[in-house]
Amino acid sequence: MQRYTFPPLPAVGLLVDAARSAEGLRGEAHVEVTGPDEISGWHRGRYPVYFVARFDRPFLATGAFGDGGAWMTFDALRERQVTMRVGISFVDLDGARRNLEAEAPDFDFDRMRREAFDAWNRELSLIRVRGGSDRELTSFYTALYHAQLHPNVFMDVDGRYLGFDGQPHAAEGRTQYANFSLWDTYKAQNQLLALIQPR
């Protein structure tokens, strides 16, 4: 979920450039307006990512640019904030739509932020340290947070995930994870995760 706060203007806009990614500009991309307040699309680089994004109000105007880009405008004179909720899937657009409905069913941005804060606080409080300066504690808990970003869940809410063969598979009775790094993590991260996240 994202919340944008604009200056009070009759037309403010957002650009969605699906052709750009962390991989750079390689790969194919597509974005389209699929409703008065919805866009969807995909990017295919080393792997595909599909998305469906809904906004808390209808667009004033929309358009496309380049290969895989779209823009939309909103009236920000009366209401300066625009909230967007988005679902992604590595399988297909239907998966992204189901993930959106299951994981972000409404536009309650403050509730989602509070729940995320509480969830991370639970995980980070598994290790409690004493002493040290505020800066050292911040450094420690930031590193602990980073150590738990991966591996991450790599399946849709219905258990489907994209296999190395490029085909959808179903994880039955288990969670499909991805991004198990092997580059030097065996020296510290694997042992840490075995202690604090054994499942």
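Each remark here, short or long, concerns the structure printed above.
Thresholds, definitions, all that
- Starting afresh in each chain, residues are numbered from 1 along the sequence in its written order.
- The model is predicted, so local features are restricted to residues of pLDDT at least 70 and side-chain atom pairs to those at 80 or more, both for listing and for counting; the totals for chains, interfaces and linings are taken over all residues.
- Calculation of side-chain values draws on the structure's entire complement of heavy atoms; hydrogens and water are dropped beforehand.
- A run of H or I in DSSP counts as a helix once it spans at least four residues, and a run of E counts as a strand once it spans at least two, with each numbered from the N terminus.
- For the exposure calls, accessible area comes from a 1.4 Å probe over protein chains only, and a residue counts as buried if that area is under 20% of its type's maximum, exposed if over 50%, partly exposed in between.
- Note on contacts: a residue pair is in contact if any heavy atoms of the two residues lie within 4.5 Å.
- All accessible-area figures derive from a Shrake-Rupley calculation using a 1.4 Å probe, and residue coverage is judged against the displayed protein chains alone.
- Charge assignment in this entry is limited to Lys and Arg as positive and Asp and Glu as negative, and neither His nor the chain termini are counted.
- Positions of charges follow a simple convention, taking NZ of Lys, CZ of Arg, CG of Asp or CD of Glu.
- Following DSSP output, two strands are said to pair if at least two bridges run between them.
- For helices, the fitted axis covers only the stretch in contact; all axes are lines through C-alpha atoms, and the angles between them, taken along N-to-C directions, range from 0 to 180 degrees.
- By nonpolar core is meant a set of buried Ala, Val, Leu, Ile, Met, Phe, Trp, Tyr and Cys residues that side-chain atoms within 4.5 Å join together.
- Salt bridge criterion: a side-chain nitrogen from Lys or Arg within 4 Å of a carboxyl oxygen from Asp or Glu.
- Aromatic rings from Phe, Tyr and Trp, taking only the six-membered ring of Trp, are treated as a pair when their centres fall within 6.5 Å; an angle between ring planes under 30 degrees marks them as stacked, one over 60 as edge-to-face, and anything in between as tilted.
- For a Lys NZ or an Arg CZ to count as sitting over a ring, it must be within 6 Å of the ring centre and within 35 degrees of the ring normal.

**Comments concerning the overall build of the protein**
Line of reasoning, step 1. Counting its secondary structure elements, the protein contains four helices and 12 strands.
Line of reasoning, step 2. Along the longest, intermediate and shortest principal axes, the C-alpha atoms of the protein span 55 × 45 × 30 Å.
Line of reasoning, step 3. When each of the 199 residues of the protein is scored for burial, the buried share is 32%.
Line of reasoning, step 4. Looking at the protein alone, contacts between residues at least 24 apart form 56% of all its contacts between residues at least 6 apart.
Line of reasoning, step 5. Only carbon and sulfur atoms are counted for the fraction: they give 55% of the accessible area of the protein, which is about 12,900 Å².
Line of reasoning, step 6. Measuring between centres, the 23 positive side-chain charges of the protein sit 5 Å from its 27 negative side-chain charges.

**Some remarks on the sheet that holds strand β6 (residues 61-65)**
Line of reasoning, step 1. Strand order in the open sheet made by the three strands is β2-β7-β6, with antiparallel pairing throughout. Looking at strand neighbours, the two that pair on one side only are β2 (12-17) and β6, the edges of this open sheet. Along the sheet, successive strands turn relative to each other by an average axial angle of 20°, direction set aside.
Line of reasoning, step 2. Sheet analysis places β6 next to strand β7 (residues 69-74), joined by five bridges and oriented antiparallel. Opposite Thr62, over in β7, you have Met72 as the bridge partner.

**Comments concerning the nonpolar core**
Line of reasoning, step 1. Counting 18 residues, the largest nonpolar core has Ile39, Phe55, Met72 and Phe74 as its most contacted members.
Line of reasoning, step 2. Residue assignment for this core shows that the elements contributing at least two residues are β2, β3 (28-35), β5 (48-55), β7 and β8 (81-89).
Line of reasoning, step 3. Setting aside residues up to four positions removed in sequence, Ile39 forms contacts with Val16, Val31, Glu32, Val33, Thr34, Phe51, Val52, Ala53, Phe55, Phe59 and Met72.
Line of reasoning, step 4. Within the second largest apolar cluster, six residues are counted, among which are Trp42, Val52, Ala96 and Ala104.

**Topic: the side chain of Ser89**
Line of reasoning, step 1. The residue Ser89 is located in strand β8 in this model.
Line of reasoning, step 2. Every residue in contact with Ser89, bar those within four places of it in the chain, is listed here: Pro48, Val49, Tyr50, Gly95, Ala96, Asn99 and Asp156.

**Notes on the pattern of salt bridges**
Line of reasoning, step 1. Applying the stated criterion across every chain, the model contains 14 salt bridges.
Line of reasoning, step 2. One salt bridge in this structure joins Asp75 and Arg78, with 3.5 Å as the shortest N-O distance.
Line of reasoning, step 3. Residue classification places Asp75 among the partly exposed positions, given a relative accessible area of 23%.
Line of reasoning, step 4. Here Arg160 ties to Asp158 by a salt bridge, and the two come within 2.9 Å at their closest N and O atoms.
Line of reasoning, step 5. In this structure Arg160 comes out as buried when scored by relative accessible area, which is 18%.
Line of reasoning, step 6. For Asp158, a relative accessible area of 36% translates into the label partly exposed.
Line of reasoning, step 7. Here the salt bridges share partners, and the residues they tie into one network are Asp92, Arg98, Asp156, Asp158 and Arg160.

**What about the environment of Ile88?**
Line of reasoning, step 1. In this structure, Ile88 sits in strand β8.
Line of reasoning, step 2. On the accessibility criterion, Ile88 (43% relative accessible area) is partly exposed.
Line of reasoning, step 3. Taking the C-alpha atoms as reference, Ile88 lies 10 Å from Pro48; in sequence the two are 40 residues apart.
Line of reasoning, step 4. Excluding residues that lie within four positions of it along the chain, Ile88 makes contacts with Val49, Tyr50, Phe51, Ala96, Asn99 and Asp156.

**Observations concerning the packing of aromatic side chains**
Line of reasoning, step 1. In this structure the tally under the stated criterion is eight aromatic pairs.
Line of reasoning, step 2. Here the aromatic rings of Tyr47 and Phe90 are separated by 5.8 Å at their centres, their planes lie at 65°, and the arrangement is edge-to-face. Highlighted residues: Tyr47 in the loop between β4 (38-44) and β5 and Phe90 in the loop between β8 and α1 (93-103), separated in sequence by 43 residues.
Line of reasoning, step 3. When the ring of Phe140 is compared with that of Tyr141, the centres are 5.0 Å apart and the planes differ by 85°; the resulting orientation is edge-to-face.
Line of reasoning, step 4. Here Phe140 falls in the partly exposed class, since its relative accessible area comes to 31%.
Line of reasoning, step 5. Here Tyr141 falls in the partly exposed class, since its relative accessible area comes to 23%.
Line of reasoning, step 6. Members of the aromatic cluster, each reached through a chain of ring pairs, are Tyr47, Phe90 and Phe154.
Line of reasoning, step 7. Against the face of Trp42 rests Arg44, its NZ or CZ located 4.0 Å from the ring centre.

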